[in-house]
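Examination of the molecular architecture
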Amino acid sequence: MVLLLPILDLHAQDALINNIYGRARQSLNGTWQYIIDPYETGYYNYRWQERDEKDREAYWNSDVPENKTDRKEHGYNDQYTLNVPGDWNSQKPELLYYEGTVWYKRSFDTPMVGRNEKVFLHFGAVNYRADVYLNGKKLGAHKGGFTPFNFQIPKGMLREKENFLVIKVDNKRFKDEIPTINTDWWNYGGITRDVHLVRVPSTFIQDYVVSLKHDSNVKQHTAEGWIVMSGARTGEGVVEIPELKIKQPLKIQGDTIRFEVKLPGVKLWSPTTPKRYDVVITVGEDVVKEKIGFRKIQVVGKQVLLNDKPLFMRGICIHEEIPEQVRRANGVSDAVQLLNKAKALHANMVRLAHYPHNEKMVQVADSMGILVWSEIPVYWTIDFTSAAVLDKAKQQLQDMITRDKNRASVIIWSVGNETPVTPERTRFMSTLVKFAKAMDYSRLVSAALEVHNVNGIQMIDDPLGEFTDIVSVNEYLGWYGGLPSDCRTAQWQVKYDKPLFISETGAEALAGFHGDSLTRWSEEYQAWYYREQVNMMKRMPDNFVGLSPWILNDFRSPRRNNPVYQEGWNNKGLYDHEGKRKQAFYVLKDYYDFVEKNWQTKPLVKRKKN
Ligand code: GCU
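In this text the structure is predicted, and so the values were computed from the model without any measurement.

**As for empty space enclosed by the protein**
Summed over all chains, the structure comprises 7 cavities of 30 Å³ or more. Roughly 120 Å³ of internal volume is contained in the largest cavity. Around the largest cavity, the lining is made up of 13 residues, and of these Asn127, Tyr128, Arg173, Pro179 and Asn187 lie nearest the centre. Class assignment for the residues of the lining of the largest cavity results in 5 nonpolar, 5 polar and 3 charged. What the second largest cavity holds in volume is close to 100 Å³. At 3 residues, strand S11 (residues 204-212) tops the list of elements feeding residues into the lining of the second largest cavity. Taken domain by domain, the makeup of the lining of the second largest cavity includes at least three residues from each of domain 2 (215-295) and domain 3 (313-503 + 525-551 + 580-598).

Written as structure tokens, this is what we have:
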């Protein structure tokens, strides 16, 4: 059962509204005007004091001179425009490496707010900090580059014509943020995801979940769920699943109603049969609709069971990037393109590295039957000693779970990646694991843990493994240290009696560069690496439940500066910058075909000896 332990009171004015795509909304995507402001002149005066709300030189105030003598030193016009959604780095050459503030502005008309109506301004994500101003008034500020947020627009602030909407976006990196100052991915800034006005009745469904009850081996499945209302304490409601002829009345007492619904004849969701049902929740005047798949994911002993059958995850890691256009991915067509590439590999799972991807990526995975590992960017050297940083991580974790808890494809919440083992770090990360499980114990919780080599033994005794449901590690035996042939003698030792998942393994190859297998950066070296790794996977301990090699596509990183073989790209992709397959692609695909044929999916049966 998905419990709810929000940090924020869910009735806070700006608590996240679930499933805006299932609601009345007006898109504010499109062409926005912008000002590049590296010195934040629009925010601070020349004495570096924050400008008052009415300050005429503030960039959130009108840029129109009052008369021919009036001095305005800022302005928005169609000579300077950016597309929203979209990162700024890929849209303007002068912004490729830019880290700082860009002001976005657009005007819009909208019907007046009804008496029994609330209007929210909702962002899919802005990287990294957004300060939002409407008609010269501050609506709010948000930090975090990969999770949605919304602000309720106070009555009287909206007008029917020419609303002046300004967003200050700042993608500078800071040590005490999530992620911190060093990452192995491009710091794409901007309003990178959809922007909407969302209209709801003044009493509305704030949040809800409908998931398969975890009682096992039943003849008759049951769904359980809850609804959290905003603005209501009593009321009538109904939850409907038309295809199953379900129409169950609900009684709203207080702000949260829990319910159970029998699911006669329900077809469970799985990678082979990604069946989803229209679920319609009506309370009072509010109606939300969503396609939901019902499935069960559990750890039993050393196995992961999907719908009571042992699961082997044939995964691949993916960054939220379209390398062919060197830009952040966003929307349905990008999701289809990326997930089809994973399907071509015969993958049944994707690890969405290293941050929550856009909402459409997970929705498309739901429809295509691809399992998802979703992660917050608690990456490498976060400030684990800071309570404020822990709260930021919790907020991002809560927002990720709030947004995607109705997605059957999401089976693993990950609280981070490759964080260095210290007592503070393990306290910080185990707190996140417990927080994730308290919010949602219907899924597995993990993180990419540390592994170290002790006299040829790949030793996994990371203390965080005590807390996670599966033990996941990134290993690069033969790329970062040693040669791929070292895989032949590698032994694995896991301190925990839990499923073992290899959350990363990979090697770089510059597509089209050829040599013998010992030639670093050649496609032959990468293919050799995968052959040796695959042979090692075939003799992993019996708790081995899958892998997600690093990575589907070559991707941009400011850390990769070999002037011949990298040039600001991390080339560990199985597909190159143009989407062409490298030799290693076929090595992994053959292994996944082998696993698909030889993996026993009968309940709790061991794999055939291969
Ligand atoms: C690490 C890290 C990735 C990084 C990869 C690499 O494991 O998790 O974000 O890109 O290794 O070195 O290529």
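Moving on from the model shown.
**Section: unusual backbone geometry**
Going from valine 84 to proline 85, the amide bond is cis rather than trans, its omega being 0°. In this structure, proline 85 sits in the loop between strand S3 (81-84) and strand S4 (101-108). A positive phi angle, near 50°, is found at asparagine 135, a position not held by glycine. Here asparagine 135 lies in the loop between strand S6 (129-134) and strand S7 (137-143). The backbone phi angle of glutamate 567 is positive, close to 50°, even though this residue is not glycine. Within the element layout of this structure, glutamate 567 appears in the loop between strand S34 (555-556) and strand S35 (569-570).

**Here's the deal with helix H6 (residues 583-598)**
For H6, which comprises 16 residues, the first-to-last C-alpha distance of 24 Å matches the rise-based estimate of 22 Å (1.5 Å per residue) to within 8%. Inspection of H6 places Ala584, Phe585, Val587, Leu588, Tyr591, Tyr592, Asp593 and Val595 among the buried residues, and these make up the whole buried set. Structurally, H6 contributes buried residues whose contacts are with strand S21 (313-318), helix H1 (331-344), helix H5 (523-537) and strand S33 (544-547).

**Some words on the UniProt feature "domain: Glycosyl hydrolases family 2 sugar binding" (unreviewed entry) in the protein**
The UniProt record annotates "domain: Glycosyl hydrolases family 2 sugar binding" (unreviewed entry) at residues 26-201. The distance from the first to the last C-alpha atom of residues 26-201 is 15 Å, and the span holds 0% helix and 34% strand.

What counts and what doesn't
Residues numbered from 1 in each chain as written. Predicted model: local features only at pLDDT ≥ 70, side-chain atom pairs only at ≥ 80, totals over all residues. Heavy atoms only, no water. 1 Å grid on protein atoms, 1.4 Å probe; cavity = no way out; pocket = protein on both sides within 12 Å on 5 of 7 lines; lining within 4 Å. Points joined across faces, edges and corners; volume = space filled by probe spheres on them. Nonpolar A, V, L, I, M, F, W, Y, C, P; charged D, E, K, R; others polar. Helix = DSSP H or I, 4+ residues; strand = E, 2+ residues; numbered from the N terminus. Domains from an automatic or database assignment. Expected span 1.5 Å × (residues − 1). Buried < 20%, exposed > 50% of the residue type's maximum accessible area, 1.4 Å probe, protein only. Contact = heavy atoms within 4.5 Å. UniProt positions renumbered as here; feature names shortened; annotations may be inferred.

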